[in-house]
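# Architecture and fold: a report
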Amino acid sequence: MTTTGGTRSFGLDNNIRPKPAYGMATDEKKEGSKLHVGADIHLKGEITSCDRLIVEGKVEASMTSKEIEISQSGIFNGTVDIDTADISGQFDGTMLARKRLVVRKSGRVSGDISYGEIEIEPGGEIGGSLKKITGEQGNLLNEIEKDKAKDKAATSDAKETA
């Protein structure tokens, strides 16, 4: 693991990482905490306090963040509550992309997807439940926990009545 100035990088050495093409934003311009999951890494759990997640390996997690980028080799299974998503790899799960969801030509997105704006490049695939959101939305992870608590309470009430 390499740690430099608030950036955690797993897998590739930052010195051999390809530089962005002309006109593309560089990582140096992006501020905040960043977690980079390299190509040979498998990460499970809950991701907190991360402004930007870059996935080249496999992630099974729940996450609230500002931005997620899944590269062509990246796979994310789980729940995300984010501002923007840029998907070139594979996403399966529940996603709330408050501002923008971009599915690149190699991207595959499936599950329960809510978005503010959506862009799908030719060749990009999207499936499952899609919903355009308007206005302010609550925190997705908190809503899921509330639903689980209601289900648990309903189940225990049903057992007490029986």
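Residues numbered from 1 in each chain as written. Predicted model: local features only at pLDDT ≥ 70, side-chain atom pairs only at ≥ 80, totals over all residues. Heavy atoms only, no water.

So, about the pairing of strand 9 (residues 90-103). In this structure, strand 8 (residues 75-87) lies alongside strand 9, joined through 12 bridges in parallel fashion. Opposite T79, over in strand 9, you have T94 as the bridge partner. (Pairing = 2+ DSSP bridges. Helix = DSSP H or I, 4+ residues; strand = E, 2+ residues; numbered from the N terminus.)

With that out of the way, let us pick up unusual backbone geometry. For S49, which is not a glycine, the phi torsion comes out positive at approximately 55 degrees. Structurally, S49 is set in the loop between strand 4 (42-47) and strand 5 (52-55).

Here we come to the pattern of salt bridges. The tally for this structure, following the rule as stated, stands at seven salt bridges. Between R98 and D81 there is a salt bridge, with the nearest N and O atoms lying 3.1 Å from each other. Residue R98 is found in strand 9, and its partner D81 is found in strand 8; the two are separated by 17 residues along the sequence. Its relative accessible area of 26% is what places R98 among the partly exposed residues. Judged by relative accessible area, which is 1%, D81 ranks as buried. Residues D86 and R104 are paired through a salt bridge, measuring 2.9 Å at the closest nitrogen-oxygen approach. Pair noted here: D86 is in strand 8 and R104 is in the loop between strand 9 and strand 10 (108-120), with a separation of 18 residues, a long-range link. Given the relative accessible area of 27%, R104 is considered partly exposed. (Salt bridge = Lys/Arg side-chain N within 4 Å of Asp/Glu carboxyl O. Buried < 20%, exposed > 50% of the residue type's maximum accessible area, 1.4 Å probe, protein only.)

The values are spatial; any link to function lies outside them.
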